[in-house]
Amino acid sequence: MTAGPTDSFLTKILHWGTLPTRFFRKEVLPLIADLRLAILLLLAIAAFSISGTVIEQGQSLAFYQANYPENPALFGFLSWKVLLAIGLDHVYRTWWFLSILILFGSSLTACTFTRQFPALTAARRWKFYDLPRQFEKLALSAQIDTAVEMRNTASLNSLEELLQSRRYRVFREGETLYARKGIVGRIGPIVVHASMLIILAGSILGAMTGFMAQELVPSGNSFHINNIVDAGPWAAPQIPKDWSVRVNRFWINYTPDGNIDQFYSDLSVLDRQEQEVDRQTIHVNKPLRYKGVTMYQTDWGIAGIQVQVNKSPILQLPMAQLDSKGQGRIWGTWIPTKPDFSEGVSLLARDLQGTLLIYDAKGQLSTTLRAGMATEINGVTLKIVQVIGSTGLQIKADPGIPLVYTGFGLLMLGVMMSYVSHSQVWALQKDGQLYVGGRTNRAQVAFEREVVEVLDRLSATEETRQVVVV
């Protein structure tokens, strides 16, 4: 029966349909799974990660213009225009960096399925050697004379017992024997690859859905997270809308010589009804964590001051940070001493517990005060009730962190597993001779010593058995 036009047409369609699959398996897949490509991609990831650490990420345009000017450009070419054009201000979210991560993940996946899984399958499969010449190809082999017929089976039985005592899994078929141990060493590289894929997935998830915010909040005030300074394109669902935070109190502990020892913020998490659902006191290196959002104590400031003029109600006046030309931080405000604001004094402060400086209208230092003290100035009694501090919080959310931590845990486990040697031993009893050979993928010297010890004990056992028989 001859093929008609329709059969020929279908054959061509099927042939052309298999070409892309065949091309991918024979050309593309080996290229992606190439170890050299994986190393090159890993070096690229490391280099760009270093650049993302050295170059400040997510800063304002003015910051980059000030720190990376065009003339002179850093290294002769790295100006703020170049930096922003190629995305070095947000390295971890650029399309090219994410593409490198995805390509590296594809390379690991291809290597795992084309090399590691076949190697594991081959290691789990046992094969008996039934020809003496097969032992010549092994890295370690020996031949023992067992001319006495009644010792043939006994020799193989003794070898089986000795190998089992050294945690080998032994397979026996007639006069042939195969033993192996350390199969976990073949699983280790697969676990390493899987852990790296999990780390990559966590990194990409964090880059695309995470955000960072900064808030400077006076004591006693509540706030929603609004001041977002850096966020991924899919970060909106992660920014909390159904809860807020109240700063109950902010204070600073000082050392006996007047230096800052530690910052503290007493924070309450509030639900939509302004009810407290969590409360923690945070300080540097002890953040607050709530529903995947972490709040770090990073900065502080002076938000305002409470004063009383004569017997007036307590007035709360805001304070602003002044430009001190790099001579430290200083805050200032103006306090009216007359109801019509025609006269007043200036007040300067450097911290929450130090001396407050009072200057008159001519800019002359009039007096110094501390919180709780009063003085006579411009014909009135001015009392400093309280200096109000503000806490500086850095707020982060990174949904990829659990994946990254899991990946690193598996990576350490996989590395330890990979150090386990996969050792194999074959034995054949034939024509009055016992052929023994083996190989291992690492720790060759230790494996050779182990096999030699097994053979020595086997020889001693057989000599003892021969004497008893005689």
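Look above for the structure.
Predicted, not measured: the structure shown is a model, and the values here were computed from it. (Residues numbered from 1 in each chain as written. Predicted model: local features only at pLDDT ≥ 70, side-chain atom pairs only at ≥ 80, totals over all residues. Heavy atoms only, no water.)

Participant: Quick question: what am I supposed to make of the packing of helix 5 (residues 95-124) against helix 7 (residues 184-209) here?
Facilitator: The axes of two packed helices give the description: the angle between them and the distance between them. Put simply, helix 5 and helix 7 touch, their axes get as near as 9 Å, and they point 160° apart. Here helix 5 lies roughly antiparallel to helix 7, going by the angle between them. Seen from above, helix 5 lies across helix 7 with left-handed handedness. Residues of the contact of helix 5 with helix 7, tallied by class, amount to 17 nonpolar, 5 polar and 1 charged. (Axes fitted to C-alpha atoms, helices over the stretch in contact; angles between N-to-C directions. Helix = DSSP H or I, 4+ residues; strand = E, 2+ residues; numbered from the N terminus. Parallel < 35°, antiparallel > 145°, perpendicular 65-115°, else oblique. Left-handed = near helix turned anticlockwise from the far one by under 90°. Nonpolar A, V, L, I, M, F, W, Y, C, P; charged D, E, K, R; others polar.)

Participant: I keep staring at the sheet that holds strand 3 (residues 176-181) and nothing clicks. Help me out?
Facilitator: An order of 1-21-20-3-2 is seen for the 5 strands of this open sheet, with the pairing classed as antiparallel. Edge strands, defined here as strands with exactly one partner in the open sheet, are strand 1 (140-145) and strand 2 (169-173). When strand polarity is set aside, the average angle formed by the axes of neighbouring strands in this sheet is 15°. By the bridge criterion, 8 bridges tie strand 20 (residues 423-430) to strand 21 (residues 433-440) in an arrangement that is antiparallel. When the sheet's bridge partners are listed, K430 is paired in strand 21 with Q433. (Pairing = 2+ DSSP bridges.)

Participant: Which parts of the structure should I look at to understand helix 5?
Facilitator: Working note: α-helix, 3.6 residues per turn, so residues spaced by three or four point in the same direction. Between its first and last C-alpha atoms helix 5 spans 42 Å; for 30 residues at 1.5 Å apiece the expected length is 44 Å, and the two agree. Most pronounced at T112, the bend in helix 5 amounts to some 40°. (Expected span 1.5 Å × (residues − 1). Bend = angle between axes of the 7 residues up to and from the residue.)

Participant: Even after reading the chapter, I still don't get helix 8 (residues 401-418), so can you show me in this structure?
Facilitator: Here helix 8 spans 25 Å end to end across 18 residues, near enough to the 26 Å set by a 1.5 Å rise per residue. Looking at helix 8, one finds that the buried residues are V404, G407, G414, M417 and S418. Down the axis of helix 8, the buried side of the element spans an arc of 140°, and every buried residue falls inside it. The exposed set on the far side of helix 8, more than 90 degrees from its buried face, consists of P402, Y405, M412 and M416. Structurally, helix 8 contributes buried residues whose contacts are with helix 7. (Buried < 20%, exposed > 50% of the residue type's maximum accessible area, 1.4 Å probe, protein only. Arc of directions from axis to C-beta. Contact = heavy atoms within 4.5 Å.)

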